[in-house]
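Chain by chain, the residues run as shown.
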Amino acid sequence: MNTDRRVNGLHLVRLLGDWRSGAVPTAYAGLASRLRLLILDGRVPLHTRVPAERELADALGVSRTTVAAAYERLREDGFLHSRRGAGTWTDLPSTGVSAAGPVATLVDDDDLIDLAHAAPPAPAEWLHAAAECAITQLTRYLPTHGYDPLGLSALRSAVADRYTARGATTTPDQVLVTAGAQHAFALTLRALASPGDRIVVEHPTYPNALEAVRRAGCRPVPVPFGPDGWDLEMLAATIRHTAPRLAYLVPDFQNPTGFCMSAEDRASLVALAARTGTTLVIDETVAELWLDRPTPPPVSSELVVTTGSASKMFWGGLRVGWLRASPTMVRRLGAARASMDLASPILEQLIATDLVPRTVEIAEDRREWLRSSRARMHERLALRLPSWKPNAPTGGLGFWVDLGAPIASALAISAERHGVALAAGPRFGLDGAFERFVRLPYTLDAEALDLAVDRLAAAYLALGGEVLDDLPLRGVT
Ligand SMILES: Cc1ncc(COP(=O)(O)O)c(C=O)c1O
């Protein structure tokens, strides 16, 4: 299925970044590897037309033969296909390889450890009990048509109560139930932004949010962090100069940096929004997963749309989230939903209705598990990869790790071959930024975390990195 979507030579050069780095013997193989990674992790979307060989060769300053050989390798591996005289499109191999999977691994595909997603497994007992309860409740809804664009009133009340308990007084008519926080953001973009609008984003930021901005035809305007978190002066200057339609921020255990915004900065942010008339979309997906100390109360004002989710506290597979805004905005966003998905599933909402009021209890278990996974991964990293510098997140689901050199994309390729799917830093940025970083979630059990780090050490070693340890490398054939 070819599409009209295309990536031009200059754009592709930016995405490719420093593609010559890494342990590949020839230029064409290095180029093919890097292109493959861009396709696998979605930075060059599927079914996108790639530049003609000559155009890319000129843009890269290499010979056309190099590009032709790289394209040929990717065609052989199933990552590109060409139609004579028409062009070349990105593709995925039809068998044995998923979008997160490698072409040739040193381990079986089903042995691949997923460090690309920062999402914990469900707390199974809680989920089972809530699902059983939901089934019995479902009977009440069967005589209705089942479409409720704003969400079940019991769930809206439960979510409103949770906000109120956290310090942002909320009524049920300020809550719209969605299919997750990502859906809530996409819906907000659809309702409030138009193609060509600028959307301020943190840099780095959550990749799917970036993609949603692009898919809405809007232009992401990146604002970098300072060494300790948000640079609100820079944010203010950017808003003044670019007059964005929205600003999207993740103040609680920002994905991927793990920063948590102070109460003072939250107040300054609200004041900035009021001064400049900027609507803020505040993503609170992991706000309740603090590990060391509770987060400050939610950022809240007339100009704030807050998105939240059942995904990380309960389970991603529920696909239940919400947004909090003024009642007028909630009605507006609810109306915009008609052309998207009409309403959320009743059964899943009933499950969430049972779980949300138990957040405090469930969170206790969750935190205990996450604290010990965080400690376990930190220890293993210190032991096996002492030159890597993980940050020190006080909550959330993962480390943002400084590798000390711009090798993240090459490492992701090598990691796949060693049985670990990895989110390389450039996934979280624009134009190939963050090549020195990877995000490492600690959302697996202890044994899997150890094995994942050991495999990463082997992958790093294969790139010529330094692994200071004399333990045998496990799990690598
Ligand atoms: C910052 C952030 N926003 C949104 C999401 C997606 O959440 P949901 O599963 O509720 O769509 C994630 C998931 O990792 C996330 O980290």
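Residues numbered from 1 in each chain as written. Predicted model: local features only at pLDDT ≥ 70, side-chain atom pairs only at ≥ 80, totals over all residues. Heavy atoms only, no water.

Going by the annotation in an unreviewed UniProt entry, the name recorded for the protein is PLP-dependent aminotransferase family protein, with Cryptosporangium minutisporangium given as the source organism. We quote the UniProt Sequence similarities (unreviewed entry) comment for the protein here in full: "In the C-terminal section; belongs to the class-I pyridoxal-phosphate-dependent aminotransferase family." (UniProt positions renumbered as here; feature names shortened; annotations may be inferred.)

> Would you mind going over the domain arrangement of the protein with me for this structure?
The figure often quoted for interface size is the accessible area lost as the parts come together. One can read the domain layout of the protein as domain 1 (9-90), domain 2 (109-121 + 361-462) and domain 3 (124-359). With centres defined by C-alpha atoms, the gap from domain 1 to domain 2 works out at 27 Å. Taken residue by residue, the interface counts 11 residues in domain 1 and 12 residues in domain 2. Taking both sides of the interface into account, the surface hidden between domain 1 and domain 2 amounts to around 1,100 Å²; carbon and sulfur atoms contribute 53%. Where domain 1 meets domain 2, there are three salt bridges. (Domains from an automatic or database assignment. Contact = heavy atoms within 4.5 Å. Buried area = accessible area lost by both parts, 1.4 Å probe. Salt bridge = Lys/Arg side-chain N within 4 Å of Asp/Glu carboxyl O.)

> Would you mind going over the pairing of strand β15 (residues 437-441) with me for this structure?
Two faces make up the sheet, and in a regular strand the side chains alternate between them. A large share of β15 lies buried, amounting to five of its five residues. Burial along β15 is two-sided: the face carrying F437, R439 and P441 and the face carrying V438 and L440 are both buried. Sheet topology places strand β13 (residues 398-402) next to β15; five bridges connect them, and they run antiparallel. The residue of β15 that forms the bridge with D402 is F437. (Buried < 20%, exposed > 50% of the residue type's maximum accessible area, 1.4 Å probe, protein only. Helix = DSSP H or I, 4+ residues; strand = E, 2+ residues; numbered from the N terminus. Pairing = 2+ DSSP bridges.)

> What exactly am I supposed to notice about the packing of aromatic side chains here?
Two measures describe an aromatic ring pair: the distance that separates the ring centres and the angle between the ring planes. All chains considered together, the criterion is met by 10 aromatic pairs. With centroids separated by 5.2 Å and ring planes inclined at 65°, the aromatic side chains of F399 and Y442 adopt a geometry described as edge-to-face. Here Y442 lies in the loop between β15 and α15 (446-462) and F399 lies in strand β13, a separation of 43 residues in the sequence. Y442 matches F399 in its accessibility class, with the two residues each being buried. (Phe/Tyr/Trp six-rings, centres within 6.5 Å; stacked < 30°, edge-to-face > 60°.)

> Honestly, the site of the ligand in this entry has me stumped. Any pointers?
Every residue lining the ligand is accounted for by G180, A181, Q182, Y206, Y248, N255, D283, T285, S309, S311, K312 and R319. Taking K312, its side chain carries an N or O atom lying 2.5 Å from an oxygen atom of the ligand. At 2.9 Å, a side-chain N or O of R319 approaches an oxygen atom of the ligand. Protein chains shield 91% of the accessible area of the ligand, which is 400 Å² for the free molecule. Tallied by class, the residues present in the shell around the ligand amount to three nonpolar, six polar and three charged. (Near = heavy atom within 4 Å. Polar contact = N/O pair within 3.5 Å; in protein donor to acceptor, adjacent residues only side chain to side chain. Areas by Shrake-Rupley, 256 points an atom, 1.4 Å probe, with all protein chains shown as cover. Nonpolar A, V, L, I, M, F, W, Y, C, P; charged D, E, K, R; others polar.)

> I tried to follow helix α4 (residues 64-77) on my own but got confused; where do I start?
Each α-helix winds once per 3.6 residues, and so residues spaced three or four apart point in a common direction. Between its first and last C-alpha atoms α4 spans 20 Å; for 14 residues at 1.5 Å apiece the expected length is 20 Å, and the two agree. Structurally, α4 contributes buried residues whose contacts are with α2 (27-40), β1 (49-50), α3 (53-60) and β2 (80-83). One or two steps after α4, the chain reaches G78, where phi turns positive at roughly 90°. (Expected span 1.5 Å × (residues − 1).)

> Is there a simple way to explain the sheet that holds strand β14 (residues 420-424) in this structure?
Backbone-to-backbone hydrogen bonds join strands into a sheet, with any given pair of strands oriented parallel or antiparallel. The mixed open sheet is built from five strands, whose spatial order is β4-β14-β15-β13-β12. Looking at which strands have only one partner, the edges of the open sheet turn out to be β4 (113-115) and β12 (389-390). For β14 and β15, the ladder comprises two bridges, and the chain directions are antiparallel. Bridged to A423 within β15 is R439. This element, helix α13 (residues 359-384), spans β4, β12, β13 and β15 of the sheet and lies at about 20° to β13. Packed onto the sheet, α15 meets β4, β14 and β15 and runs at close to 85° relative to β4. (Axes fitted to C-alpha atoms, helices over the stretch in contact; angles between N-to-C directions.)

> Looking at this model, I keep getting lost on the packing of helix α14 (residues 408-417) against α15. Mind explaining?
Between two packed helices, the angle of one axis relative to the other and the distance separating the axes together describe the packing. It is at 8 Å that the axes of α14 and α15 come closest, and there the two elements cross at 120°. Looking at the two axes, α14 sits oblique to α15. Here α14 and α15 pass one another in a crossing that is right-handed. Along the contact surface, α14 presents L411, S414 and A415, while α15 presents L456, A459, Y460 and A462. In terms of residue class, the contact of α14 with α15 is made up of six nonpolar, one polar and no charged. (Parallel < 35°, antiparallel > 145°, perpendicular 65-115°, else oblique. Left-handed = near helix turned anticlockwise from the far one by under 90°.)

> Got a minute to help me understand the pattern of salt bridges in this structure?
A side chain of one charge can pair with a side chain of the opposite charge when the charged atoms of the two come close. Per the stated rule, a full pass over the model turns up 19 salt bridges. The shortest N-O distance in the salt bridge between D111 and R455 comes to 2.6 Å. Taken together, the residues D111 in the loop between β3 (87-90) and β4 and R455 in helix α15 connect sequence positions 344 residues apart. Under the relative-accessibility criterion, D111 is labelled partly exposed at 33%.

> What is the right way to look at the layout of surface pockets in this model?
The gaps of empty space that remain are located by a probe, the size of a water molecule, rolled over the atoms. One number sums up the size of the second largest pocket: a volume of about 540 Å³. Lining the second largest pocket are 23 residues, with H11, L15, R43, E211 and R214 sitting closest to its centre. Looking at the lining of the second largest pocket, the elements that each hand over two or more residues are α1 (9-16) and α8 (207-215). Ranked by residues supplied to the lining of the second largest pocket, first place goes to α8 with six residues. Class assignment for the residues of the lining of the second largest pocket results in nine nonpolar, five polar and nine charged. (1 Å grid on protein atoms, 1.4 Å probe; cavity = no way out; pocket = protein on both sides within 12 Å on 5 of 7 lines; lining within 4 Å. Points joined across faces, edges and corners; volume = space filled by probe spheres on them.)

> Help me understand the nonpolar core, please; the structure alone is not making it clear to me.
Of all hydrophobic cores here, the largest spans 66 residues; its most connected members are L115, F314, M377, W388, L422, L440 and L456. The leading source of residues in this core is α15, at eight residues. Shared between two domains, this core takes at least three residues from each, and those domains are domain 2 (109-121 + 361-462) and domain 3 (124-359). Leaving out residues up to four positions away in the same chain, L456 has contacts with L115, L385, W388, L411, A415, V420, L422 and L440. Ranked by size, the runner-up nonpolar core spans 27 residues in total, among them A184, L189, A209 and A325. (Core = buried A, V, L, I, M, F, W, Y, C linked by side-chain atoms within 4.5 Å.)

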